[in-house]
Amino acid sequence: MLDLLPEREKKPRRSGVTMVMDKGLGLRQAEDLAETAAHLIDFLKLGFGTSYVSNKTVEKVKIYHQHQMKVFVGGTLLEAFLVRDQLDDYLRYIDALGCDTVEVSDGSIRLPHEEKCNLIDRLKKDYTVLSEVGAKDCHVTMDNEQWSDAMQQELSAGSSFVIAEARESGTAGIYGSEGEADEDLIQCIRKGVSADKIIWEAPLKQQQVWFIKQFGANVNLGNIAPSEIAALETLRMGLRGDTFFDFLPEKLKKYKL
Amino acid sequence: MLDLLPEREKKPRRSGVTMVMDKGLGLRQAEDLAETAAHLIDFLKLGFGTSYVSNKTVEKVKIYHQHQMKVFVGGTLLEAFLVRDQLDDYLRYIDALGCDTVEVSDGSIRLPHEEKCNLIDRLKKDYTVLSEVGAKDCHVTMDNEQWSDAMQQELSAGSSFVIAEARESGTAGIYGSEGEADEDLIQCIRKGVSADKIIWEAPLKQQQVWFIKQFGANVNLGNIAPSEIAALETLRMGLRGDTFFDFLPEKLKKYKL
Amino acid sequence: MLDLLPEREKKPRRSGVTMVMDKGLGLRQAEDLAETAAHLIDFLKLGFGTSYVSNKTVEKVKIYHQHQMKVFVGGTLLEAFLVRDQLDDYLRYIDALGCDTVEVSDGSIRLPHEEKCNLIDRLKKDYTVLSEVGAKDCHVTMDNEQWSDAMQQELSAGSSFVIAEARESGTAGIYGSEGEADEDLIQCIRKGVSADKIIWEAPLKQQQVWFIKQFGANVNLGNIAPSEIAALETLRMGLRGDTFFDFLPEKLKKYKL
C-alpha cells in the first residue's frame with residue numbers, strides 16, 4: 001500500500017536473509033516472535049551453549065519450525081563437543097532437538113581448515129550447513145585474503161552460507177573494538193565470495209545501517225536480537241530515519257533535510 | 001500505605017504523562033505490559049515503521065485500547081507516506097489499525113512549518129494529535145528560539161502535546177551525542193511552552209533522572225522502553241536510589257548519605 | 001552427555017548461587033523464565049521499588065515460588081519504609097506478597113551499622129535475610145577493611161548471604177565507573193568472608209566473566225538480567241567463547257587458539 005518500497009523476496013529466499021540469535025527465550029516469547037515476525041526470519045540460532053543449559057528447548061524448536069524458520073545451535077556448542085571428541089554425541093543431541101541445520105565454526109578452537117572442510121562435507125549429506133569464519137578472540141587475526149579464501153573453500157565443501165563473525169557484542173571478527181566495520185576486510189570478502197552466500201553478523205544498529213547503506217536492502221544479516229527484528233526490517237525498507245532516503249527515487253530527494 | 005510519596009494523577013491525566021515506545025512486541029508481551037503497567041502508560045507509540053512490517057498489529061492495538069492507552073504509529077511512518085504523496089492511504093492505514101491518535105513530525109524530511117501546522121489543523125478534527133519537533137539528524141540544527149516558537153505554533157494549530165525529539169537512542173534533538181541534556185535549549189522551551197503540554201523523549205535512565213530532578217515527579221516523559229516502565233515510575237516516586245531524597249521532607253534528610 | 005563439564009550443585013545449593021533481578025516482568029514473562037531456567041535461579045529480586053508500583057506482583061511471586069525460587073523485594077524499598085519509620089508496614093507489605101526472604105541494605109540511606117545488625121537479628125527469626133554492603137552513590141566510599149568487617153558482622157548477626165553492591169548498571173560499589181572490578185577491594189573481602197556466603201552483583205557480562213575466571217564456575221553472582229540467565233550458565237559451564245578453556249583439562253589446551 002505504501003509505494004516505492006525496496007523489493008524483498010518471500011521465504012524461502014536466497015537474498016535478504018535474516019538470522020536471529022535467541023539466547024534463552026521462553027515458549028511464550030518464542031510464540032510472540034514467530035507470530036509477529038516469522039516472515040522476516042530465515043534462520044534462528046540458539047546462541048552458543050544456551051540450548052544445552054535451558055529447559056523446553058525441544059518445544060521451542062517445534063514452534064520455530066512450525067513457522068518455517070531453520071533452527072540451529074550456536075557453533076560454540078559443536079566446538080565444545082569436538083574438543084571432547086564427542087561429535088557423535090553432538091549429532092544425537094541436535095537430532096533429539098529436531099534441528100536440520102548445523103553451524104560449523106572454529107571461533108574458540110584451533111581446527112585445521114582441512115578438517116573443518118571435511119566436517120562440512122560430511123554434515124552436508126544430512127543437514128543444511130552454515131559455516132562461520134573468524135575468531136571470537138580479537139587477538140587472533142587472519143589476513144584479509146585468508147578470510148576470503150576460507151569462505152570460498154567452505155562454500156565449495158558444502159556450506160549453504162558462510163557467516164562472518166562478530167560475536168553477540170559486535171566487537172570482534174569483521175568489526176573493531178568499538179563495533180566499527182573493518183571496511184578493507186569486508187570489501188576483500190565481497191570481492192572473493194558471492195554476496196548471496198554471506199551472512200554478516202551485525203548485532204548493533206550502527207552495523208545494520210552500515211551494511212544496508214553499503215550493500216542494499218537485501219544484504220544478509222545475522223546475530224539480530226529478537227527484540228530488534230521489526231526494527232531491522234524498517235531499516236531494510238527505509239521506514240526508519242537512518243535509511244529513509246536510501247531507497248527513494250531521485251525526485252523525492254527534494255524532501256531531504 | 002507508604003507515606004510521603006509524590007502525588008500522581010490517575011488516568012486520564014494532564015500531567016505526569018508517560019509515553020512508551022513499542023518497537024515490535026508480540027501479543028503476550030503486550031498483555032504483560034498492559035496487565036502490570038497500564039495505569040502507568042498514557043500513550044503507546046508503535047515506533048517508526050515497525051507497525052507496518054509486523055504481523056498482529058491490529059490485535060495488539062486492541063489490547064492496548066482495552067487498557068485505556070492511546071496508541072499511535074511513529075511519525076516517521078507518516079513522513080514516509082507524505083513524501084510519496086499518500087496521506088489518504090496513511091489515514092486509511094491507521095483507521096484500519098483502529099488508532100485515534102496521530103503523530104505529526106518532520107524528523108526525517110523537510111516540511112515547511114506552515115504545511116505541518118495545516119496538517120495538524122486538518123487532523124485534529126478526527127484524531128488526537130501529537131506533534132514532534134526536532135530532527136533525527138544531529139547535523140540539522142535549529143536555534144533554541146525556533147524550537148520554542150515551532151512548539152507554540154503547533155499547539156495553537158491543534159496539537160494536544162508537543163514532543164521534544166531524542167530518537168530511540170537518546171542522542172539527538174534535545175541531547176548531545178553522549179545523551180547529555182542540552183540545558184539551554186530545554187530551559188528555552190520551558191519558558192515558551194506550557195510544561196504540561198510538552199512530552200520530553202528520555203529513553204536513557206540518566207535522562208529520566210535529570211528531568212525528574214529538574215521538573216519534578218510529574219514531568220511528561222516519552223520513548224520509554226516497555227521493560228523500563230516500572231523502573232521509571234520508581235524514579236518518579238523516589239523509590240530508587242537516584243531520586244530517593246528528592247521528594248522527602250526536609251526533616252528526613254538527616255538520613256542522607 | 002557432554003563430558004568434562006564443571007560440577008554444579010542442584011537446588012537448594014550452597015555455592016554457585018545465582019540471583020536474578022526482575023524490574024517489572026509480566027506474568028507470561030515470569031512463567032517463561034521459570035519454565036526454562038528455574039533450575040538456574042536461587043534468588044529472585046524484585047528490583048528497588050518496582051514491586052510497589054506494578055500490578056500483578058502477588059501473582060508473580062506465586063509463580064516464582066512454585067519453581068522454588070526465593071523471592072525478595074529490593075533493599076531500597078525497605079530503606080524507603082525505614083526512613084518513614086514504617087517498618088511494620090513494610091513487613092505487612094512483604095507478608096501480603098508472600099515473601100519469606102528480605103534484603104536489608106543501606107545503599108541510599110545513613111543507617112548506623114549497629115542498627116542494621118539489630119534489624120538483621122530481628123528479621124532472621126521470621127525470614128531468610130540477605131544483607132547488602134556498599135553505597136549506591138559512588139561518592140560515598142568505605143575503605144576495604146570496613147567492607148570486609150561489615151560483611152562479617154552482618155553474617156554474625158544472622159544474614160544468610162551478604163551481597164556486594166554494584167547497582168543495576170554495574171558501575172558502583174565493587175566496580176569503578178567503567179564497570180571494571182575493584183580487585184583490591186574484592187580480594188580483601190574474600191580474605192575476610194567465607195566465599196560461599198558472598199553474592200557478588202555482576203550485571204555486566206565482562207563482570208560475570210571476570211568473577212568466573214577468578215573464583216570458578218560456582219561463584220555466587222547477583223543482579224543478573226532475566227534475559228541473561230541462560231547465557232550466564234554457559235559462562236559457568238565453559239560453553240561460551242569467553243570461558244571455553246577455563247574448565248578443560250590440560251591435555252585439551254592443545255586446541256587453544
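Small disclaimer: the values here were computed from a predicted structure and weren't measured.

## A few points about the overall build of chain A
A tally of regular secondary structure across chain A gives 10 helices and eight strands. Scaling as 2.2 N^0.38, a compact globule of 257 residues should have a C-alpha radius of gyration of about 18 Å, and chain A matches this with 18 Å. Burial statistics for chain A: of 257 residues in total, 60% are counted as buried. In chain A, once contacts between residues fewer than 6 apart in sequence are set aside, the share between residues at least 24 apart is 71%. A total of about 9,800 Å² of accessible surface is found on chain A, and carbon and sulfur atoms cover 46% of it.

## Quick look at the interface of chain B and chain A
On the side of chain A, 32 residues touch chain B, which itself brings 36 residues to the contact. Surface buried jointly by chain B and chain A totals about 3,100 Å² across both partners, of which 59% is contributed by carbon and sulfur atoms. Interface area lost by chain B to chain A is led by R28(B), V53(B) and R84(B), which between them contribute 23%. At the boundary of chain B and chain A, one finds five salt bridges. Put simply, R28(B) and E35(A) hold a salt bridge, and the shortest N to O gap is 3.1 Å.

## Details of the side chain of E154(A)
All names here are of chain A. Along the chain, the position of E154 falls in helix 7 (residues 144–157). One polar contact links E154 to H113, side chain to side chain, over a distance of 2.7 Å. Among the polar contacts listed, one links the side chain of E154 to the side chain of K116, at a separation of 2.9 Å. In contact with E154, not counting residues within four places along its chain, are H113, K116, C117, I120, S131, E132, V133, S159 and V162.

## Notes on the interface of chain A and chain C
Taken together, the contacts link 35 residues of chain A with 32 residues of chain C. Three residues, R28(A), V53(A) and R84(A), lead the burial of chain A against chain C; their summed loss comes to 23% of the area buried on that side. Inspection of the chain A/chain C interface yields five salt bridges. Its salt-bridge partner being R28(A), residue D32(C) comes within 2.8 Å of it at the nearest N-O pair. Joining chain A to chain C, the criterion identifies 19 residue pairs in polar contact (both at pLDDT 80 or more). Secondary-structure elements contributing two or more residues to the side of chain A that touches chain C are helix 1 (27–37), helix 2 (50–53), helix 4 (75–83) and helix 5 (87–97) of chain A. Looking at side-chain class alone, the side of chain A that touches chain C contains 14 nonpolar, 11 polar and 10 charged residues.

## Considering the sheet that holds strand 1 (residues 18–22) of chain C
Residue and element names in this part refer to chain C. Spatial ordering of the open sheet is given by 3-2-1-8-7-6-5-4, a layout of eight strands whose pairing is parallel. With one partner strand each, in any of the chains shown, strand 3 (70–73) and strand 4 (101–104) form the two edges of the open sheet. Neighbouring strand axes in the sheet, compared pairwise and without regard to direction, differ in orientation by 25 degrees on average. Inspection of the sheet shows strand 4 paired to strand 5 (residues 128–133) by four bridges, in the parallel sense.

## Comments concerning the pattern of salt bridges
Tallied over the full model, the rule gives 69 salt bridges over all chains. Close ionic contact of E233(A) with R8(A) constitutes a salt bridge, the shortest N to O distance being 2.8 Å. Remark: R8(A) occurs in the segment before strand 1 (18–22) and E233(A) occurs in helix 10 (residues 229–237); sequence separation between them is 225 residues. Judged by its relative accessible area of 17%, R8(A) is buried. Through salt bridges that share partners, K23(A), R167(A), E168(A), K205(C), E228(C), R240(C) and D242(C) make up one connected network.

## Overview of the packing of aromatic side chains
The geometry of two aromatic rings is summed up by the distance between their centres and the angle between their planes. Under the definition given, this model contains 39 aromatic pairs over all chains. Judged by centre distance (6.3 Å) and plane angle (90 degrees), the ring pair of W210(B) and F215(B) falls under edge-to-face. When its relative accessible area of 19% is taken as the criterion, W210(B) is described as buried. Look at F215(B) and you get partly exposed, because its relative accessible area is 21%. Relative to F161(C), the ring of F43(C) has its centre 5.6 Å away and its plane inclined at 80 degrees; by these criteria the two rings are edge-to-face. Taken together, the positions of F43(C) in strand 2 (residues 43–46) and F161(C) in strand 6 (residues 161–164) put the pair 118 residues apart, joining distant regions of the chain. A relative accessible area of 10% means that F161(C) is categorised as buried. One aromatic cluster is present, built from ring pairs that chain together Y175(A), W200(A), W210(A), F211(A) and F215(A). Sitting over the ring of F215(A), R190(A) keeps its end group 4.3 Å from the ring centre.

## Regarding the relation of the copies chain A and chain C
For the pair chain A and chain C, the relating rotation is 120 degrees, the translation along its axis is 0.0 Å, and the fit reaches an RMSD of 0.0 Å. Overall, the copies show the geometry of a three-fold rotation axis. Of every C-alpha in chain A, the one belonging to R28(A) sits nearest the axis of rotation, 4.0 Å from it. A share of only 3% of the interface residues of chain A reappears at the interface of chain C, consistent with the copies meeting through non-equivalent patches.

## Quick look at helix 4 of chain A
All names here are of chain A. Extensive coverage of helix 4 is indicated by the burial of nine of its nine residues. Those residues of helix 4 not exposed but buried are G75, T76, L77, L78, E79, A80, F81, L82 and V83. Elements in contact with the buried residues of helix 4: helix 2, strand 3 (70–73), helix 5, strand 4 (101–104) and helix 6 (113–123). Two residues or fewer past helix 4, D85 is found with a positive phi of approximately 60 degrees.

## Details of the sheet that holds strand 1 of chain A
Residues and elements named next belong to chain A. Pairing is parallel in the open sheet, where eight strands are placed in the order 3-2-1-8-7-6-5-4. In the strand order of this sheet, the two ends are held by strand 3 and strand 4, each with one partner. Across the sheet, the axes of successive neighbouring strands diverge by a mean angle of 25 degrees, strand direction being ignored. Relative to strand 8 (residues 221–224), strand 1 runs parallel, the two sharing two bridges. Note that in strand 8 the partner of T18 across the bridge is L221. Across the sheet, helix 7 touches strand 5 (128–133) and strand 6 (161–164), and the angle it forms with strand 6 is around 150 degrees. Across the sheet, helix 9 (residues 205–215) is in contact with strand 7 (198–201) and strand 8; its angle to strand 8 comes to roughly 170 degrees.

## Points about helix 3 (residues 57–66) of chain B
Residue and element names in this part refer to chain B. Among the residues of helix 3, T57, K60, V61, I63 and Y64 are the ones counted as buried. Viewed along the axis of helix 3, the buried residues span an arc of 155 degrees, placing them on a single side of the element. In helix 3, the exposed residues that point more than 90 degrees away from the buried face are K62 and Q66. Positive phi appears at Q68, one or two residues downstream of helix 3, with a value of about 55 degrees.

Each value, and the rule that gives it
Residues numbered from 1 in each chain as written. Chains lettered and ligands numbered in written order. Predicted model: local features only at pLDDT ≥ 70, side-chain atom pairs only at ≥ 80, totals over all residues. Heavy atoms only, no water. Helix = DSSP H or I, 4+ residues; strand = E, 2+ residues; numbered from the N terminus. Rg over C-alpha atoms; globule rule 2.2 N^0.38 Å. Buried < 20%, exposed > 50% of the residue type's maximum accessible area, 1.4 Å probe, protein only. Contact = heavy atoms within 4.5 Å. Areas by Shrake-Rupley, 256 points an atom, 1.4 Å probe, with all protein chains shown as cover. Buried area = accessible area lost by both parts, 1.4 Å probe. Salt bridge = Lys/Arg side-chain N within 4 Å of Asp/Glu carboxyl O. Polar contact = N/O pair within 3.5 Å; in protein donor to acceptor, adjacent residues only side chain to side chain. Nonpolar A, V, L, I, M, F, W, Y, C, P; charged D, E, K, R; others polar. Pairing = 2+ DSSP bridges. Axes fitted to C-alpha atoms, helices over the stretch in contact; angles between N-to-C directions. Phe/Tyr/Trp six-rings, centres within 6.5 Å; stacked < 30°, edge-to-face > 60°. Lys NZ or Arg CZ within 6 Å of the ring centre and 35° of its normal. Least-squares fit on C-alpha atoms with pLDDT ≥ 70 in both. Arc of directions from axis to C-beta.

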